[in-house]
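# Observations on the three-dimensional arrangement
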Amino acid sequence: MPVPAPLTGRRILLVDDDRGLRHVLSTLLTEAGHAVDTTGDGPDAVARIERGHFDIVLLDLGLPGMSGLEILAHARALPSPPLVIVMTADDTSSTLLEAVRRQAYRYLRKPFAPNEVVAIIAGAMATAPHAALSIEVVSAKPEWLEVIAPCSLEMADRIQSFVMHLEADLPEPIRESVAQAFRELLTNAIEWGGKLDTTKTVRISCVRGQRMLLYRISDPGKGFDIDGLKHAAISNPDGDPLKHFAEREEQGIRPGGFGLAMTRSLVDELIYNESRNEVMLIKYLS
Amino acid sequence: MTIVEERVADVTILRLKGRLELDTGDMVLRDHVNGLVAEGRVLLLLDMHDVTRMDSAGIGMLAGKFLSVTRRGGTMRLLHLTNRTGRLMHVTRLETVFEIFHDEDEALRSFQTRP
């Protein structure tokens, strides 16, 4: 019997063998307006997913009777698959990468703040149907992750979340700088290169060497002329950090233009190809 | 992102909470400040303590709204920058544009001496 759709929220299946966590999350999600069903057993979860028409599955990976990754694959193979948010205490990169390969929507490492789940679900609802878009995994090695993703801003959040889980062992300041720079470049590629057209894609490679991180982002646009970026803060003279706003107002562009200036200051190297539709950012690890 | 508004005499305090980022927080900030400007309230103090993330679009909107209110004879000042948001204001050199405060009373007094 399918779970009835709530008036405002989503139909959610919560799969976790931790009874306490099930109770906390279930209460929180119900209060947020969602219809929540729960189970702590793998085979039972599969049966419920098959007959329940859930929008979202919150899935623990360490379940009795069946691996959560198997349930993920099963759920995503359905004709109208639910979004699956993986929750796990397993912090190995191989588990994360397998979850990405099997089209997990998000990956939450336990312990997490319960409100984080509510926020992720609210984000998925706000960006539907883009939340249902798939990421193609080209390489899923911890030292070389490469994916192809549709040009949707929602993808920037998803991919950044996966990539930053992979870099969880880095000191917080480095992680934060790289995350910010990566997001700026990825957003630029999706917004300006891909024109937010979800039929177009960006290609992203994240390479982890012993002494450096290298991210390469390739977008489907024509590139740009850096000398023509009068609407960007990098063109400003010293002492006038808002000079480019006049150009932006003239061109009718929203306030902004700080992305490149920010990114340059956050990483060690920023290298573009000739046409500037492909960029590499490098952060050295001492 | 959410904004809680308080009014202290002519000054409007906006307490920002959440992500000041492209397509989410930046639009919320734009709409809120535009509403205040339409009412003639152009002395603004933005409490940034609970801004968890900010990107270039968020910074751009801060700068854009700063220009809007100053053109109407007002000003926008910042309060309680976190390490993260403070670093971004530094690298974009916007710390030379905004007056930034760590103490709310001091920030409010500044509007009396330099409205």
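The structure we're discussing is the one just above.
Summary of the structure given here. Note that this is a predicted model, so its numbers are computed, not measured.

This part covers the overall build of chain A. If you tally the helices and strands in chain A, you get 9 helices and 11 strands. Computed over the C-alpha atoms, the radius of gyration of chain A is 21 Å, within 12% of the 19 Å expected from 2.2 N^0.38 for a compact globule of 286 residues. In terms of principal-axis extent, the alpha carbons of chain A reach across some 65 × 45 × 30 Å. Expressed as a percentage of the 286 residues in chain A, the buried residues total 38%. Counted over contacts in chain A with a minimum sequence separation of 6, partners at least 24 positions apart contribute 62%.

Turning our eyes to something else, we now look at helix α3 (residues 68-76) of chain A. All names here are of chain A. Turning to α3, its buried residues number three or more, namely Gly-68, Ile-71, Leu-72 and Ala-75. Considered in projection along α3, the buried side chains sweep an arc of 105 degrees and stay on one side of the axis. Residues of α3 that are buried make contact with β1 (11-15), α2 (42-52), β3 (56-60), β4 (83-88) and α4 (93-101).

It is worth spelling out the environment of Ser265(A) at this point. Within the secondary structure layout, Ser265(A) lies in helix α9 (residues 259-266). As for Ser265(A) and Pro241(A), which are separated by 24 residues in sequence, their C-alpha atoms are 15 Å apart.

Take helix α2 (residues 56-71) of chain B next. Since one α-helical turn is 3.6 residues long, residues separated by three or four positions face the same way. Residues and elements named next belong to chain B. Here α2 contains 16 residues, and its C-alpha end-to-end distance of 22 Å stays within 8% of the 22 Å for a straight helix at 1.5 Å per residue. For α2, every residue scored as buried is listed here: Ser-56, Ala-57, Gly-58, Ile-59, Gly-60, Met-61, Leu-62, Ala-63, Gly-64, Lys-65 and Phe-66. The first or second residue beyond α2 is Gly-73, which carries a positive phi of 85 degrees.

Turning our eyes to something else, we now look at the packing of α4(A) against helix α6 (residues 153-166) of chain A. Residues and elements named next belong to chain A. Taken N-terminus to C-terminus, the directions of α4 and α6 make an angle of 165 degrees; their axes are 10 Å apart at the nearest point. Between α4 and α6, the angle is such that the two are roughly antiparallel. Viewed along their axes, α4 and α6 form a crossing whose handedness is left-handed. Each of Ser-93, Leu-96 and Val-100 in α4 lies in contact with α6, whose residues at this interface are Phe-162, His-165 and Leu-166. Considering only residue class, the contact of α4 with α6 consists of 4 nonpolar, 2 polar and no charged.

Residues and elements named next belong to chain A. At a minimum axis distance of 10 Å, the contact between α2 and α3 shows a crossing angle of 10 degrees. By the angle class used here, α2 and α3 are roughly parallel. Taken together, the residues of α3 that come into contact with α2 (itself represented by Gly-42, Ala-45, Val-46 and Ile-49) are Ile-71, His-74 and Ala-75. Taken together, the residues of the contact of α2 with α3 sort by class into 5 nonpolar, 2 polar and no charged.

The parts lose accessible area when they come together, and the size of an interface is often stated as this lost area. Counting from both sides, the interface comprises 19 residues of chain B and, opposite them, 17 residues of chain A. The set of elements that each furnish at least two residues to the side of chain B that touches chain A consists of α2 and α3 (83-91) of chain B. No other element matches the 8 residues that α2(B) contributes to the side of chain B that touches chain A. Counted by class, the side of chain B that touches chain A contains 10 nonpolar, 5 polar and 4 charged residues.

Residue and element names in this part refer to chain B. Strand order in the open sheet formed by 5 strands is β1-β2-β3-β4-β5, with mixed pairing between adjacent strands. Across the chains shown, the open sheet's two edge strands, defined by having one partner strand only, are β1 (2-8) and β5 (100-101). Bridging between strand β4 (residues 75-79) and β5 involves 2 bridges; their strand directions are parallel. For Leu-78, the partnering residue across the bridge sits in β5 and is Ile-100.

Attention now goes to the environment of Leu29(B). All names here are of chain B. Mapped onto the elements of the fold, Leu-29 is located in helix α1 (residues 25-38). Remark: the alpha-carbon pair of Leu-29 and Gln-112, spanning 83 residues in sequence, is separated by 25 Å. With sequence-adjacent residues up to four places away left out, Leu-29 is seen in contact with Leu-20, Met-61 and Lys-65.

Cut-offs applied
Residues numbered from 1 in each chain as written. Chains lettered and ligands numbered in written order. Predicted model: local features only at pLDDT ≥ 70, side-chain atom pairs only at ≥ 80, totals over all residues. Helix = DSSP H or I, 4+ residues; strand = E, 2+ residues; numbered from the N terminus. Rg over C-alpha atoms; globule rule 2.2 N^0.38 Å. Buried ≥ 20, exposed ≤ 12 C-beta atoms within 10 Å, placed from the backbone. Contact = placed C-beta atoms within 7 Å. Arc of directions from axis to C-beta. Expected span 1.5 Å × (residues − 1). Axes fitted to C-alpha atoms, helices over the stretch in contact; angles between N-to-C directions. Parallel < 35°, antiparallel > 145°, perpendicular 65-115°, else oblique. Left-handed = near helix turned anticlockwise from the far one by under 90°. Nonpolar A, V, L, I, M, F, W, Y, C, P; charged D, E, K, R; others polar. Pairing = 2+ DSSP bridges.

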